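# Breakdown of the fold
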Amino acid sequence: MECPINPAELQKLKVFINLCQMTPQLLNLPQLDFLKAFIVSLGGKVPEGQPDLGNMGGAQKPTPPPSTEKKQKEEAQPEVVESDPESDLELDNEGCVEPDTEPDQPMGDASKEPSEEEYDQANDLRSQAAMAYSEQNYDGAIKLFTDAIQLNPKSALYYAKRGQTYLKLQKPNACIRDCNRALEINPDSATAYKFRGRANRLLGLWEESAKDLRQACKLDFDEEADEWLKEVTPNAKKIAQHKQKQERRRQEREFRERQERVRKAQEANRKAAEDASTGGAPGGMPGGGPGGMPFGGDNADFLNAFSDPEVSAAMSDILTNPANISKYQNNPKIMSLLLKLGTGAGAGVGGFPRFGGGAGGFPGFGGGAGGFPGFGGPDADAGAGAGAGAGAGTGTGAGAGAASGGSGARVDDLD
């Protein structure tokens with residue numbers, strides 16, 4: 001019985017079947033559901049998963065031995081950076097105190113609007129508190145300031161002065177709470193910045209202290225605040241320089257890590273190129289062994305081309321239906337890749353046929369039988385003739401020599 005498929009289409013079918021053998025996951029593409037169903041109906045099984053279009057040759061990465069895996073995991077661990085002695089801080093913490101746990105004092109009702117009588121009473125209490133402060137009766141002063149705050153909770157000065165009194169009792173946290181409230185009421189309270197800066201100094205918060213004291217002097221220069229600022233500046237500078245050095249070392253570490261990642265990637269690419277040039281395993285992408293996909297030229301360049309999403313999508317489209325090659329005739333990137341693939345194909349059994357017009361080859365280059373017209377230029381007839389003369393081969397490259405004249409002319413034209 002004579003085969004109902006003409007030789008050209010039959011050769012395309014052979015190419016497609018070889019591709020499916022190398023990458024059976026192709027059968028999971030929606031366009032090939034009919035073929036997958038046919039194979040399953042005959043008792044066959046299609047591997048699950050989507051095809052890896054970046055590795056169309058089906059070459060499998062060798063599984064490294066356990067010792068190699070362990071080494072790779074160790075190499076992947078972040079570099080442990082030893083402490084730099086020059087970065088160790090040596091601060092003068094003389095005069096610092098332990099944080100206090102003073103219970104919160106009443107802050108007053110922020111929504112209250114005091115009457116004139118309450119204003120007057122609050123001022124009297126503030127004067128009494130100032131007198132108690134001068135007599136070093138700090139507990140009494142705090143109670144009087146608290147009473148004044150209850151009468152007039154909108155006075156930032158009352159909170160700041162009560163905070164100052166807490167400083168005398170070595171209670172910096174209580175002072176900071178009062179100064180924070182004062183600054184909520186009046187963000188430009190130099191007094192609140194001054195005493196909060198001093199409280200931060202007692203807690204060893206040098207940078208915060210310097211910032212507050214600088215702001216206090218900026219709003220209303222005060223000799224005592226300026227002296228306190230000079231006291232905390234050396235430690236604040238050391239901390240700032242330490243942070244800068246840490247940031248610089250972090251950036252240097254990240255730079256080294258990036259360099260190491262690039263080196264490893266380059267090494268992996270180099271090994272892949274070496275494997276490709278030495279032929280790889282039977283059935284792999286390079287080499288031309290039975291069932292393989294022999295490529296001419298630079299195999300590494302061809303493999304790298306598949307990392308381009310546009311190239312991967314186009315090749316998937318063409319391999320799904322070779323007639324789709326006509327979509328890309330005006331795309332130099334795709335056509336150049338197809339040309340490299342065709343000109344490097346040869347006599348490997350089951351390999352891709354040359355693009356050059358031999359009967360059963362991919363259509364469009366040189367006017368081969370069964371091809372798409374219009375790609376071959378003036379000498380398309382010559383390519384067609386040569387291809388027809390050699391088309392009786394088995395698809396193993398027998399027609400390549402006869403079609404070489406046509407395909408060679410095409411290379412020159414495209415270049």
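Residues numbered from 1 in each chain as written. Predicted model: local features only at pLDDT ≥ 70, side-chain atom pairs only at ≥ 80, totals over all residues. Heavy atoms only, no water.

### Examining the overall build of the protein
Note the cut-off: A run of H or I in DSSP counts as a helix once it spans at least four residues, and a run of E counts as a strand once it spans at least two, with each numbered from the N terminus. Between buried and exposed lies partly exposed: a residue is buried under 20% and exposed over 50% of the maximum accessible area for its type, with that area taken using a 1.4 Å probe on protein chains only. The contact criterion used throughout is that any non-hydrogen atoms of two residues lie within 4.5 Å. Using a 1.4 Å probe, accessible areas were evaluated by the Shrake-Rupley method; residue-level cover was limited to the displayed protein chains.
Broken down by element type, the protein carries 15 helices and zero strands. Taken across its 415 residues, the protein has 38% of its residues classed as buried. Relative to all contacts within the protein whose residues are 6 or more apart in sequence, the contacts with residues 24 or more apart total 58%. For the protein, the accessible area works out to roughly 23,500 Å², and carbon and sulfur atoms hold 52% of it.

### Points about the side chain of Asn200
Within the secondary structure, Asn200 sits in helix H8 (residues 190–202). Asn200 sits in the buried class, given a relative accessible area of 7%. Those residues in contact with Asn200 that lie beyond four places of it in its chain are Ile176, Leu205, Glu208, Ser209 and Asp212.

### A look at the state of the cysteines
Selection criterion: A pair of sulfur atoms, both from cysteines and within 2.5 Å, is called a disulfide here.
What the rule picks out here adds up to zero disulfides. Between Cys175, a cysteine without a disulfide, and Cys179, which holds the nearest cysteine sulfur, the sulfur-to-sulfur distance is 3.9 Å. Residue Cys175 is classed as buried on the basis of its relative accessible area, which comes to 0%. Exposure remark for Cys179: the relative accessible area of 0% places this residue in the buried category.

### What to know about the pattern of salt bridges
If the charged atoms of two oppositely charged side chains come close together, the side chains can form a pair. Using the following cut-off: Whenever Lys or Arg places a side-chain nitrogen within 4 Å of a carboxyl oxygen from Asp or Glu, that contact is recorded as a salt bridge.
Under the definition given, this model contains 19 salt bridges. With a closest N to O distance of 2.9 Å, Asp212 and Arg196 form a salt bridge. Separated by 16 residues along the polypeptide, Asp212 in helix H9 (residues 206–219) and Arg196 in helix H8 bring together distant segments of the chain. By relative accessible area, Arg196 is classed as buried at 18%. Taken together, the shared-partner salt bridges connect Lys194, Asp222 and Glu224 into one network.

### Notes on the packing of H8 against helix H10 (residues 223–278)
We count it as follows: An axis is simply a line fitted to the C-alpha atoms; with a helix, the fit covers only the stretch in contact. Between two such axes, the angle follows the N-to-C directions and lies from 0 to 180 degrees. Small angles under 35 degrees read as roughly parallel and large ones over 145 as roughly antiparallel, with 65 to 115 read as roughly perpendicular and the rest as oblique. In this scheme the handedness of a crossing depends on how the near helix is turned from the far one: anticlockwise by less than a right angle means left-handed, clockwise means right-handed.
Viewed as axis vectors pointing N to C, H8 and H10 meet at an angle of 30°, and their least axial separation amounts to 10 Å. Put simply, H8 runs roughly parallel to H10. Regarding H8 and H10, the two cross each other, and that crossing is left-handed. In this structure, H8 uses Lys194, Phe195, Arg198 and Arg201 to contact H10, whose residues at the interface are Glu224, Ala225, Trp228, Glu231 and Val232.

### As for the packing of aromatic side chains
To be explicit about the condition: Ring pairs are drawn from Phe, Tyr and Trp, using the six-membered ring of Trp, whenever the two centres fall within 6.5 Å, and their geometry is named by plane angle: stacked under 30 degrees, edge-to-face over 60, tilted for the rest. Any Lys NZ or Arg CZ that is within 6 Å of a ring centre and within 35 degrees of that ring's normal is treated as a charge sitting over the ring.
The tally for this structure, following the rule as stated, stands at one aromatic pair. In this arrangement the basic side chain of Lys194 is found over the ring face of Trp228, its NZ or CZ atom lying 5.5 Å from the centre.

### Focus: unusual backbone geometry
The phi dihedral of Gln136 falls on the positive side, at around 65°, and the residue is not glycine. Within the fold, Gln136 resides in the loop between helix H4 (116–134) and helix H5 (138–151). A positive phi angle, near 60°, is found at Gln170, a position not held by glycine. The exposure class of Gln170 is partly exposed, given its relative accessible area of 40%.

### Quick word on the side chain of Ser189
As for its position among the elements, Ser189 is in the loop between helix H7 (172–185) and H8. Each residue touching Ser189, except ones within four places of it in the same chain, is listed here: Leu183 and Leu219.

### Focus on a negative patch on the surface
For clarity, the cut-off: Patches were defined on residues exceeding 30% relative accessible area and lacking a salt bridge, with like-charge contacts within 9 Å and nonpolar side-chain contacts (Val, Leu, Ile, Met, Phe, Trp, Tyr) within 5 Å. For the charge count, each Lys or Arg is scored as positive and each Asp or Glu as negative, with His and the chain ends excluded. Note on charges: their place is set at NZ of Lys, CZ of Arg, CG of Asp or CD of Glu.
Together, Glu116, Glu117, Asp120 and Asp124 make up a negatively charged patch on the protein surface. Here Asp120 is to be found in helix H4.

### Quick look at the packing of H4 against H5
Note the following rule: Polar here means any residue other than Ala, Val, Leu, Ile, Met, Phe, Trp, Tyr, Cys and Pro, which are nonpolar, and Asp, Glu, Lys and Arg, which are charged; Gly is therefore polar.
Running from amino to carboxyl end, H4 crosses H5 at an angle of 165°, the nearest separation of the two axes being 8 Å. Taken together, the axes of H4 and H5 lie roughly antiparallel to each other. Judged by the twist between their axes, the crossing of H4 over H5 is left-handed. Residues Glu118, Gln121, Ala122, Leu125, Arg126, Gln128, Ala129, Ala130, Ala132 and Tyr133 of H4 form the contact with H5, whose own contacting residues are Tyr138, Gly140, Ala141, Leu144, Phe145, Asp147, Ala148 and Leu151. Considered class by class, the residues forming the contact of H4 with H5 number 12 nonpolar, three polar and three charged.

### As for the confidence of the model for the protein
When pLDDT drops low, the exact placement of atoms in the prediction is not to be read closely. Let me state the cut-off plainly: Scored from 0 to 100, pLDDT records how confident the predictor is in each individual residue.
Of the residues in the protein, 65% reach a pLDDT of 70 or more, and the chain-wide mean stands at 72. When mean pLDDT is taken per element in the protein, H8 scores highest with 96 and helix H14 (residues 380–390) scores lowest with 35. This model gives residues 76–87 a pLDDT under 50, and the stretch forms 17 contacts once residues within four places in sequence are excluded. Per-residue pLDDT stays below 50 along residues 280–298; that stretch engages in 51 contacts with residues further than four places along the chain or on separate chains.

### A look at a nonpolar patch on the surface
Together, Ile5, Leu13 and Ile17 make up a nonpolar patch on the protein surface, roughly 220 Å² of accessible area in all. Mapped onto the elements of the fold, Leu13 is located in helix H1 (residues 7–22). Exposure remark for Leu13: the relative accessible area of 37% places this residue in the partly exposed category.

### With respect to H1
Threshold: What a helix should span is 1.5 Å times the count of its residues minus one.
Across its 16 residues, H1 extends 23 Å between first and last C-alpha, which sits within 8% of the 22 Å expected from 1.5 Å per residue. Within H1, burial applies to Ala8, Gln11, Lys12, Val15, Phe16, Asn18, Leu19, Cys20 and Met22. Residues of H1 that are buried sit in contact with helix H2 (33–41) and helix H12 (309–320).

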